[in-house]
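Residues per chain are reported as follows:
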Amino acid sequence: MKRLDVRNIAIIAHVDHGKTTLVDSLLRQSGIFRKNQEVKDRVMDSNDIERERGITILSKNTAVMHNGVKINIIDTPGHADFGGEVERVLKMVQGVVLLVDAFEGPMPQTKFVLKKSFELNLPVIVCINKVDRPEARPKEVVDEVLDLFIELGADEDVLESPFIFASAKQGFASLDPEDLGNNMDPLFNTIIDYIEPPENRDDEPFQMLVSTIDYSDYVGRIGIGRIERGILKENETAILVNANDENRHIKVKISNVYEFEGLDRVEVEEAHSGSIVAITGIEDINIGDTIASTDAPEPLDFVKISEPTISMNFSVNDSPFAGKEGKFLTSRQIRARLFKELQTDVSLRVEETDSTDSFKVSGRGELHLSVLIENMRREGFEFQVSKPQVLFKEIDGKKHEPMEIVTVDVSQDYVGSVIEKLGRRKGELSVMEEPKGGYQRLIFKIPARGLIGYRSEFLTDTKGEGILNSSFDSYEPFKGEIPRRAFASIVSFDTGVATSYGLANAQDRGTLFVTPGMEVYEGQIVGESPKGVELEVSVTRAKKQSNVRASGSDDAIKLSPVHEMSLEEALEFIEDDELIEVTPSTFRVRKRILNSQARYKSKKNK
C-alpha cells in the first residue's frame, strides 16, 4: 500500500541554473508565507557565505502542501565540490526534478547529479528553467537532455520523462514551451502524478537512515532522514547501528521528532513511514547511521561517497602578528574544530601529521576547502594554510592522478588563448562545439593539478566573461610536469608600517598587495613581480628629510591601485614554500621561512 498524501523529491542541477529560486517560487505559491510577510530572495540559502557567493553549499529540507499532498523538497548544491551533499540526500527521496538552463543546456554537474540519480533508479522530471531569457532555446535543450540520457545509458522508460518549461524567477511553469502559463501548478501536479509515493510500512519495525546532520546550540546534534519503515514516536528507545561498522550497536533514546513545514521544523508526537523527519536526543549520531527498533536492529546501506582529490595543511599561526586578531589560536582548538566539521561533511578527511601543530585536510576541490577556511575565519579562528596539493594514487605499481572534465564557455575572441593555456597545463581538448550566440563551448580533460592557479588567470584572459566548470572524472597515469607560475613574489625584508614612499619605490617592480598604513613583517609577500624572479624590498622606508629642498621634491606620491586577493586567488597564487595566514580580519601571504638569510641557506642546501 502507498502513502498517497506524501511525495519526497530533490531538486538537482548545475550551479546557477536556478534551484534555490525555484524552491522560492514553490514556497511562495504553496501559501506558507503570510500575504504581508517580507521574504528575501533565495530564502533557502541561509548561510552568510551562500548568500554572498550566490551558491548553495549545504542541502536544505523544506515542505509544501498542494491539493492535500505534502511535498518534501530537498534543495541541493550545484558545485562539484559539494557533490557529497547531493549523493547522500538522494537516499531520502523517491524522485528528482532536474533543472536545466534554457540557454546553457546540460552542463558538467547536470551530468554528475543525473548519473547519481540513475544509479539509485530515481524517476526524473526535467524542468527547463529560464525560458523567459531572450536567448532561450528550450526545444534544442530538450534534445540535448535526451542525448545526455542516452549517453548515461538510461532505460527506455526514462526517455519518456515529463518535460516542464518554467521561469522560477517569474513564478510560472507550463507543459508547452509556446504557452507559458501563469503559476507553478503544472510542476506541482507533475510531481504528484509522476513521482511514486512512498510505501506505507507502518506495521513493520521502525528503521531510518540518517542522511544529514544539523546542529543546534540548544538541542545538540540533529539527525535528518526518511523513515524507511515503522512509526517513530517521541521519547522512544531505539538502537543505533551502522552498515560499515559491525561494532556500532548503541542503545539510544529519541527526545523529539520534527517534520518539515515550509521553512520550519514542527514538533510531532509520532511520524510514519515515508516521512522525512529530524530527530534530537542522540549525541553520537553520524551520517550513515541507522536508527532502528530494538526488536529488529538492522542497518541500512549507505551510499559510498566519492573520495577527496585535493589536500592542504592547516597549522597554528606562527607569524610575528600571531594572536593579535583571533580568538581561537591553539592546535587543540583548531583540531577540535576540524574534527567537528567531519560530523556534518562526509566528503572531508582530517589526518594528524608528524607535527602536533599541523593537520592534513583533504576535500573535493579548492572551493570545498576555501569555504571551510572562510567559515573558521568568521568564527574567530586564526591559523595558516599551505598550497593545495592533489592526492595521487598508486595503481598497479604506477603513479596515478585525478583527472577533471573542464567545460569552458567563452567568447570566440578568447578561444585561442584558452586552448593554448590549458594545453600547456596538459589539458586535452576533446570537444569543440558550434558557436551559439557568440559563445563557444570547449570541453577538456586535464589533470586536477593543472587547474590549480588557472581560474584567476582564466578570468583575466577572458575579461571576466568566460565561464569555467569542472568535475572529477577518474584517476589516470601521471601526465608529467606542468610549468609553474610565470610571476614571482615580492617579499618584505623588514617589519613595520608600510609607507607611501616605500610603496612608491616598490611598485615599479610589479603589482602590490598592501596599502600605506598597513603593518607588514619580514617574510610577508607584499606583491607579485612579472619577471619571474623573487625580489626583496622595504615598503616601510620613510623619506629622509634634508635642510635643502629641491624644487618638486615634495610632490604628492602617486600609487597604483593594489590587488586585493580573495582567498581562492591566494590559494592559487602561493607556491610550496609559501603559506596563507588566515585571521578573522584579513589574509596575509607569507614565506614559510620568514628570515631572508635562513631562506637563502635552505634553498642552497636543497
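Residues numbered from 1 in each chain as written. Predicted model: local features only at pLDDT ≥ 70, side-chain atom pairs only at ≥ 80, totals over all residues. Heavy atoms only, no water.

*Asks:* Any chance you could explain the packing of aromatic side chains here in plain terms?
*Replies:* Here the distance between the centres and the angle between the planes together describe a pair of aromatic rings. Under the definition given, this model contains eight aromatic pairs. Centroid distance F328 to F381: 4.8 Å. Interplanar angle 40°. Geometry classified as tilted. Of this pair, F328 sits in the loop between β18 (310–315) and α7 (331–342) while F381 sits in the loop between α8 (366–378) and β21 (383–386), and the two are 53 residues apart along the sequence. Among the residues examined, F381 registers a relative accessible area of 6% and is labelled buried. Between Y454 and F458, the ring centres sit 5.8 Å apart and the planes meet at 50°, which makes this aromatic pair tilted. (Phe/Tyr/Trp six-rings, centres within 6.5 Å; stacked < 30°, edge-to-face > 60°. Helix = DSSP H or I, 4+ residues; strand = E, 2+ residues; numbered from the N terminus. Buried < 20%, exposed > 50% of the residue type's maximum accessible area, 1.4 Å probe, protein only.)

*Asks:* Would you mind showing me how to read the nonpolar core here?
*Replies:* Generally speaking, soluble globular proteins have nonpolar side chains that are buried together. Core analysis: the biggest nonpolar cluster contains 36 residues, and V124, V126, I128, V145 and F149 have the highest contact counts within it. Examining the composition of this core, we find that five residues originate from one element, helix α5 (residues 138–151), more than from any other. Counting contributing residues per domain, this core is built from domain 1 (6–194) and domain 2 (207–293), each supplying no fewer than three. Sequence-distant contacts of V145, that is, excluding residues within four places in its chain, are made with V100, P106, V126, I128 and F163. With 31 residues, the next largest nonpolar core counts L348, F383, I580 and V582 among its residues. (Core = buried A, V, L, I, M, F, W, Y, C linked by side-chain atoms within 4.5 Å. Domains from an automatic or database assignment. Contact = heavy atoms within 4.5 Å.)

*Asks:* I keep staring at the side chain of R7 and nothing clicks. Help me out?
*Replies:* Inspection of the secondary structure assignment puts R7 in strand β1 (residues 6–13). Here R7 occupies a buried position and makes no salt bridge, while the nearest side chain of opposite charge, D193, is found at 6.3 Å. At 3.0 Å, the side chain of R7 and the backbone oxygen of L4 are in polar contact. Once residues lying within four places of it in the same chain are set aside, the contact partners of R7 are V69, K70, I71, N72, I191, I192, I195, E196 and P197. (Lys, Arg positive; Asp, Glu negative; His and termini not counted. Salt bridge = Lys/Arg side-chain N within 4 Å of Asp/Glu carboxyl O. Polar contact = N/O pair within 3.5 Å; in protein donor to acceptor, adjacent residues only side chain to side chain.)

*Asks:* I'm lost on helix α9 (residues 415–424) in this one. Help?
*Replies:* What α9 keeps buried is the set V415, V418, K421 and L422. The arc enclosing the buried residues of α9, seen along the axis, measures out at 140°, which places them on a common side. Buried residues in α9 make contact with β24 (398–411), β25 (428–432), β26 (439–447) and α11 (455–461). Trailing α9 by a residue or two, K426 shows a phi angle of about 70°, which is positive. (Arc of directions from axis to C-beta.)

*Asks:* Is there a simple way to think about the side chain of S273 in this case?
*Replies:* Mapped onto the fold, S273 is located in the loop between β15 (270–271) and β16 (276–280). A relative accessible area of 0% places S273 in the buried class. Side-chain polar atoms of S273 contact the backbone nitrogen of R201, separated by 2.8 Å.

*Asks:* Could you clarify how one ought to interpret the sheet that holds strand β12 (residues 245–253) in this entry?
*Replies:* For sheets, the rule is that strands pair by backbone hydrogen bonds, running either parallel or antiparallel. Read across the sheet, eight strands follow the order β12-β11-β17-β8-β9-β16-β13-β14 without closing on themselves; strand pairing throughout is antiparallel. Looking at the sheet topology across the chains shown, the edges are occupied by β12 and β14 (264–268). Adjacent strand axes in the sheet meet at a mean angle of 35°, parallel and antiparallel pairs treated alike. As paired elements, strand β11 (residues 237–242) and strand β17 (residues 289–292) share four bridges and run antiparallel to each other. When the sheet's bridge partners are listed, V241 is paired in β17 with T290. (Pairing = 2+ DSSP bridges. Axes fitted to C-alpha atoms, helices over the stretch in contact; angles between N-to-C directions.)

*Asks:* Any chance you could explain the pattern of salt bridges here in plain terms?
*Replies:* If the charged atoms of two oppositely charged side chains come close together, the side chains can form a pair. For the coordinates displayed, the defined rule picks out 35 salt bridges. With a shortest N-O distance of 3.1 Å, K2 and E196 are connected by a salt bridge. Remark: E196 occurs in the loop between α6 (185–194) and β8 (207–216) and K2 occurs in the segment before β1; sequence separation between them is 194 residues. By relative accessible area, E196 is classed as partly exposed at 44%. For K591, the salt bridge identified is with E578, shortest N-O distance 2.8 Å.

*Asks:* Honestly, the pairing of β1 in this entry has me stumped. Any pointers?
*Replies:* One face of the sheet, then the other: side chains in a regular strand alternate in exactly this way. Burial analysis of β1 places eight of its eight residues in the buried class, the great majority of the element. Of the two faces of β1, the one lined by V6, N8, A10 and I12 and the one lined by R7, I9, I11 and A13 are each fully buried. Inspection of the sheet shows β1 paired to strand β3 (residues 69–75) by six bridges, in the parallel sense. The residue of β3 that forms the bridge with A10 is I74. Of the strand pairs in this sheet, β1 and strand β4 (residues 95–101) are connected by five bridges, and their pairing is parallel. Across the sheet, residue I12 finds its bridge partner in β4, namely L98.

*Asks:* What exactly am I supposed to notice about the sheet that holds strand β32 (residues 525–529) here?
*Replies:* With mixed pairing, four strands are arranged side by side in an open sheet as β30-β32-β28-β33. The sheet is open, and its two borders are formed by β30 (511–512) and β33 (535–537), each paired with just one other strand. In terms of strand pairing, β30 meets β32 through two bridges, oriented antiparallel. Among the inter-strand pairings, L512 is bridged to a residue of β32, identified as G527.

*Asks:* Looking at this model, I keep getting lost on a negative patch on the surface. Mind explaining?
*Replies:* Residues D155, E156, D157 and E160 make up a contiguous surface patch of negative charge. Turning to its location among the elements, E156 is positioned in the loop between α5 and β6 (163–167). The exposure class of E156 is exposed, given its relative accessible area of 69%. (Patch = residues over 30% accessible without salt bridge, like charges linked within 9 Å, V, L, I, M, F, W, Y side chains within 5 Å. Areas by Shrake-Rupley, 256 points an atom, 1.4 Å probe, with all protein chains shown as cover. Charge placed at Lys NZ, Arg CZ, Asp CG, Glu CD.)

*Asks:* Please explain unusual backbone geometry as it appears in this structure.
*Replies:* Most peptide bonds adopt trans geometry, and most residues besides glycine take a negative phi value. Positioned with a positive phi, K130 is a non-glycine residue whose angle comes to about 65°. Tracing the backbone shows K130 in the loop between β5 (124–129) and α5. A residue is classified by how much of its surface remains accessible, and K130, at 23% relative accessible area, is partly exposed.

*Asks:* Which parts of the structure should I look at to understand the UniProt feature "binding site: GTP" (unreviewed entry) in the chain?
*Replies:* The UniProt record marks D16, H17, G18, K19, T20, T21, N129, K130, V131 and D132 with the feature "binding site: GTP" (unreviewed entry), using the residue numbering of this structure. Take D132: it is sitting in the loop between β5 and α5. Note on D132: relative accessible area 38%, which makes it partly exposed. If sequence neighbours within four positions are ignored, D132 has contacts with S167, Q170 and F172. (UniProt positions renumbered as here; feature names shortened; annotations may be inferred.)

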